[in-house]
Amino acid sequence: MLTGGPSYWFHAIGGLPRPRPALPGSTDVDVAIVGGGFTGLWTAYYLKRADPALRICILESEVCGFGASGRNGGWVCGAVAGFGDTRSQAAIDDAVDEIGRVASAEQIACDYHKGGAVHVVTAAAQLPLMRDRPGWLEAAELDGRIRVAGALGGVFEPNYARVQPAALARGLADVVERLGVGVYEATPVASIASGVARTAHGDVRASWVIRATEGYTPQLRGAPPRALIPLRSTMIVTEPLPEAAWEEIGWRDAELVHDAAHSYVYIQRTADGRIAIGGRGRPYYFGSGHDSYGEVETWAIDRLATKLHELWPATREVGIAHGWSGVFAAQRDWKQTVAADRATGMAWAGGYVGVGVCAANLSARVLADLVRGEESDLVTLPFVNREQPRDWEPEPLRYLGANLVYRLFRLADQEERRTGKPSRLGDLATKISGWGHRAPAGE
């Protein structure tokens, strides 16, 4: 079994690529984008498509997609963190299809497949929260889609899609480079300020500096150090399942699968016949740190494998091929933000709380309109230029709180399985964190 590196998704497309050339020296551009993940790549794409004359560069410390964009569960998830209003929902629903449209138009081979998602109820305590939702499936109806051991039913939502995230990120990087965007990898940004991004290779002077660093933001000088907290998620992927196992499981339309537990898992059937499942491992590094190369704890891999085998006993004889970890970011109120200040030329987007594969596309289109001064419907969405929440607590409170919340969620699941009733521990964890933890995940 491989671990780290940073993900199976990169392994499947030939491994972590050699970095593109670094920034060759100081330069002047119209837009400097710090971070080569989905937010930065999509922003460059929409800006360049709207105005080919714009001088744009992306500054990436590793390779494009190295962070969360190449390590997630591949959920193109129709959800905006913290915003369920009609306009935000319509905009994110459109983004699900937009990703597929661009992948097709730009010939990005990323296994995009819109099969919807099933949120599976595996404990009686979860029924009151799920049974009245639109798309409810009784157990027999769920079995007609996918057979999950012990499932009491589930909720089907059609507006979700699967994607191979590293292939999408690398494909986007190739596309924007062909459009004339300067993509500089192996170029860590030391600090940002109005009008400039500073690197060891030189300064990039720009009318706009866009921060697209998500969970890596706390280490960037010039960015608010406690506005975002990086939280870790762990993933594993199996070896290809034999046909007999798929016959037992069903799952023919490759729906995404998410369970309704407090300590939930998020799952996809991959295009090459594997199961990729993610969830919580070690939740947080002290001081808002992050891993260096996707390293993952053995106990976290074992916990996910155990959950996989509980849901589908047919996987017990199938090996685990790869395990890895990554970080996603959250603001203190667990809501996402897109913001731009014309006076300073500073802009940013993030706080996706694990649903960033799709939310980054929507946020990038908002950023592109804000930078270009377009008075579009997108720039008036409620998460745009909103009042910012308070900062996360200083250490060690941040470390203690993050670990306490995850511990409480696990205890709540244990209590609910034992009693069959909703646990107050889950409510307590939600109150401490502010996290709507049973919302669908797309990490």
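Up top is the structure these notes are about.
The rules behind these values
Residues numbered from 1 in each chain as written. Predicted model: local features only at pLDDT ≥ 70, side-chain atom pairs only at ≥ 80, totals over all residues. Heavy atoms only, no water. Buried < 20%, exposed > 50% of the residue type's maximum accessible area, 1.4 Å probe, protein only. Helix = DSSP H or I, 4+ residues; strand = E, 2+ residues; numbered from the N terminus. Pairing = 2+ DSSP bridges. Contact = heavy atoms within 4.5 Å. Axes fitted to C-alpha atoms, helices over the stretch in contact; angles between N-to-C directions. 1 Å grid on protein atoms, 1.4 Å probe; cavity = no way out; pocket = protein on both sides within 12 Å on 5 of 7 lines; lining within 4 Å. Points joined across faces, edges and corners; volume = space filled by probe spheres on them. Nonpolar A, V, L, I, M, F, W, Y, C, P; charged D, E, K, R; others polar.

Caption draft 1: Representation of the pairing of strand β14 (residues 256-259). Alternating positions in β14 separate into two faces, L256 and H258 on one and V257 and D259 on the other, with burial throughout. Here strand β5 (residues 117-121) pairs with β14 via four bridges, running parallel. Looking at β14, one finds that H119 is bridged to H258. Pairing of β14 with strand β15 (residues 266-269) involves two bridges; the strand directions are antiparallel. Residue pairing for β15: H258 is matched across the bridge by Y266. Counting the residues that bridge the hairpin from β14 to β15 gives six residues.

Caption draft 2: Expanded view of the sheet that holds strand β17 (residues 320-330). Within the open sheet, the nine strands sit side by side as β1-β17-β13-β16-β15-β14-β5-β7-β6. Their pairing is mixed. Every interior strand has two partners, whereas the edge strands, β1 (2-3) and β6 (136-138), have only one. Here β6 runs beside strand β7 (residues 153-157); their pairing, made up of three bridges, is antiparallel. Looking at the pairing, E138 lines up with G153 of β7. Lying on the sheet, helix α8 (residues 298-311) is in contact with β1, β13 (229-238), β14, β15, β16 (275-279) and β17; it crosses β13 at an angle near 55°.

Caption draft 3: Geometry of the layout of surface pockets. Size it by volume and the largest pocket reaches roughly 850 Å³. In terms of lining, the largest pocket is formed by 49 residues, of which the most central are G67, A68, T213, G215 and Y216. Secondary-structure elements contributing two or more residues to the lining of the largest pocket are α2 (38-50), β13, β17 and α9 (356-372). Looking at which element gives the most residues to the lining of the largest pocket, the answer is β17, with six residues. Partitioning the lining of the largest pocket into residue classes produces 20 nonpolar, 23 polar and six charged. Along its surface, the second largest pocket is lined by 25 residues, and S263, K307, E310, D413 and R417 are the ones closest to its centre. Put simply, the parts of the chain that give the lining of the second largest pocket at least two residues each are α8 and α10 (397-419).

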